[in-house]
Amino acid sequence: MSNLLEEARRYFPQLIAWRRHLHQYPEPSFEERATQAFLFSTLSSLPELRLKTAAQTGLIADLITNPKGPWIALRADMDALPIEEKSQHSYRSQNPGYMHACGHDAHMAILLGAIHLLWEQRTHWQGGIRFIFQPGEEKAPGGASLLIQEGILEEVPIQAIWALHVTPQLPVGTIGLRAGPFMAASDEIYIKLTGKGGHAAYPHLVGDPIAVGAYLITELQMVVSRATDPRSPTVLTFGCFHAGTAPNIIPTHADIAGTLRTFDEESRQYLKRLIHTVACHTAANWGLTAEVKWFSGYPVLINDRFLTTLTHQWASALIGSEKIQEVPLWLSSEDFAFYSQKVPACFIRLGTAGDSPQTHFPVHTPEFDISEEALVIGTALLTHLSLQALRFLGNPRSTFERPSSERE
Ligand SMILES: [Zn+2]
Ligand SMILES: [Zn+2]
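Rules behind the numbers
- Residues numbered from 1 in each chain as written.
- Chains lettered and ligands numbered in written order.
- Predicted model: local features only at pLDDT ≥ 70, side-chain atom pairs only at ≥ 80, totals over all residues.
- Heavy atoms only, no water.
- Donors = N, O, S within 2.8 Å, 3.2 Å for Na, K, Ca; no water.
- Helix = DSSP H or I, 4+ residues; strand = E, 2+ residues; numbered from the N terminus.
- Buried < 20%, exposed > 50% of the residue type's maximum accessible area, 1.4 Å probe, protein only.
- Axes fitted to C-alpha atoms, helices over the stretch in contact; angles between N-to-C directions.
- Parallel < 35°, antiparallel > 145°, perpendicular 65-115°, else oblique.
- Left-handed = near helix turned anticlockwise from the far one by under 90°.
- Contact = heavy atoms within 4.5 Å.
- Nonpolar A, V, L, I, M, F, W, Y, C, P; charged D, E, K, R; others polar.
- Disulfide = S-S within 2.5 Å.
- Expected span 1.5 Å × (residues − 1).
- Arc of directions from axis to C-beta.
- Polar contact = N/O pair within 3.5 Å; in protein donor to acceptor, adjacent residues only side chain to side chain.
- Phe/Tyr/Trp six-rings, centres within 6.5 Å; stacked < 30°, edge-to-face > 60°.

A.B. asks: Any details on the coordination of the zinc ion (ligand 2)? Residues and values, ideally.
C.D. replies: Four donors placed tetrahedrally around a metal ideally meet at 109.5 degrees, and six donors placed octahedrally ideally meet at 90 or 180 degrees. Coordination of the zinc ion (ligand 2) by the protein is provided by Cys102 (SG), His104 (NE2) and His165 (NE2), with metal-donor distances spanning 2.1 to 2.3 Å. Distance-wise, the zinc ion (ligand 1) is placed 3.2 Å from the zinc ion (ligand 2), both being coordinated by Cys102. Residue His104 is found in helix 4 (residues 104-120), and its partner His165 is found in strand 5 (residues 158-171); the two are separated by 61 residues along the sequence. The class of His104 is buried, set by a relative accessible area of 0%.

This is how it looks when you write it as structure tokens:
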């Protein structure tokens, strides 16, 4: 047991207060103004921090002990979800219709805690740490992509980035790691099938978008089972099918919408082209036209293998190797993926399931809550990883960059 856990525990009442304040005032994606103001005023008490706003509602805090030293980054997301909270807690949401149901309140409190601990330890490390409070994780195009466009990974030479995410599937006290592809790329597809429309008794004269749509949905599952490398998991789900007004009318249109989840960029692009082609050909075969639109979501999140190995080693020294699980592929997506395309990145699953039944509800549900003990673990972990990483990079021959053959 490192005493960093004890150091973080000193902050436990403060971590709870920060988290509960943020939990009470959730704001939707890209509207995190009160959240930004709260973070700004909280961090203004640390004079060495350089603060600046980014992507309108985001906040960047730089702590530099040696301008010539190495740089790393830590990220917390800020936005809440349009969900009405079901809870009797004193700290339940005070903003009707919105809730921190993905735990981003906890991520911000943990990052505030890590900033304070690293500030206290500032004579013990050399370099710079960029703390990124990022808006709009839950909404395309994702705050990460906006911050990267603003140059936040290049203004200072960031060599690695970490983030953690609350995870009710893991017990509090544990963390989950996975090297390589971790969370899915996600894209939305919208297909409009169009025919002439007409009397239900004369289908041979008009083309039927409902029958063809039903056939197309089934046929597109062949794309998943027959045109995809079975070693790279793929999901194609259609969640919408809208057509028709009456039992005896063949409608002119059918609108179908779905989501594609993939785990590598090559198959993602190949499947998008193939699905487009199959939809157009199938429609044409049956006398219809198909209009296909893709709405691109987040890319696949790749945990750099070398950085994840080091993260595992360093985290073991803090919490014990028995508290670290290898977790399976995650089919949801995360805009932290954009950072992972630019610099070595590691996304960590932080266990938050405790004694209370509410801490076992999944994220994005109105009952969701966390065991606040996880705030201590998260704060100690981000602090410890930062100290270890900067010590590692302090050796001029050490780098996280690997030859491309060793990276994902
Ligand atoms: Zn979420
Ligand atoms: Zn989230």
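A.B. asks: Now, about the packing of helix 3 (residues 33-43) against helix 4: what can you tell me, with residues and values included?
C.D. replies: Direction vectors running N to C along helix 3 and helix 4 enclose 15°, while the axes themselves pass 11 Å from each other. It follows from the interaxial angle that helix 3 and helix 4 lie roughly parallel. At the point where helix 3 passes helix 4, the crossing takes the right-handed sense. Contacts between helix 3 and helix 4 involve Thr35, Phe38, Leu39, Thr42 and Leu43 from the first element and Met108, Leu112, Ile115 and His116 from the second. Considered class by class, the residues forming the contact of helix 3 with helix 4 number six nonpolar, three polar and no charged.

A.B. asks: Can you tell me about the state of the cysteines, naming the residues and giving the values?
C.D. replies: Counted by the stated rule, this structure contains zero disulfides. Free cysteine: Cys280, not disulfide-bonded; nearest cysteine sulfur from Cys240 at 20 Å. Take Cys346: it sits in no disulfide, and the sulfur closest to it among the cysteines is that of Cys102, at 18 Å.

A.B. asks: Run through helix 7 (residues 265-285), naming residues and quoting values.
C.D. replies: Given a rise of 1.5 Å per residue, 21 residues ought to cover 30 Å, and the 30 Å separating the end C-alpha atoms of helix 7 matches this to within 8%. Listed as buried for helix 7 are Ser267, Arg268, Leu271, Lys272, Ile275, Val278, Ala279, Thr282 and Ala283. Seen from one end, helix 7 has its buried residues packed into an arc of 140°, which puts them on one side. Exposed and facing more than 90 degrees away from the buried side of helix 7 are Glu266, Arg273, His281 and Asn285. Among the structural elements, strand 8 (185-194), helix 6 (209-226), strand 10 (235-243), strand 12 (253-262) and strand 13 (289-296) are those in contact with the buried residues of helix 7. Regarding helix 7, its N-cap is Asp264, as a side-chain oxygen of that residue lies 3.2 Å from the backbone nitrogen of Glu266 further along. Among the residues trailing helix 7, Gly287 stands out with phi positive, at a value near 80°.

A.B. asks: Tell me about the coordination of the zinc ion (ligand 1), residues and numbers included.
C.D. replies: Looking at the metal site, the zinc ion (ligand 1) is ligated by Cys102 (SG), Glu138 (OE) and His364 (NE2), spaced 2.0 to 2.3 Å from it. All donors of the zinc ion (ligand 1) come from a single chain, and their spacing in sequence reads C-x35-E-x225-H.

A.B. asks: Account for the packing of aromatic side chains, naming residues and giving values.
C.D. replies: Summed over the entire model, instances satisfying the criterion amount to ten aromatic pairs. Between Phe336 and Tyr339, the ring centres sit 5.5 Å apart and the planes meet at 50°, which makes this aromatic pair tilted. Linking Phe336 with Tyr339, this pair stays in helix 9 (residues 336-340), spanning three residues, or about one helical turn. Tyr339 carries the same exposure label as Phe336, and that label is buried.

A.B. asks: So what's going on with the environment of Phe40? Residues and values would help.
C.D. replies: Note that Phe40 resides in helix 3. On the accessibility criterion, Phe40 (36% relative accessible area) is partly exposed. For the pair Phe40 and Leu59, spaced 19 residues apart in the sequence, the C-alpha separation amounts to 7.6 Å. Contacts of Phe40, omitting those with residues within four sequence positions, involve Leu51 and Leu59.

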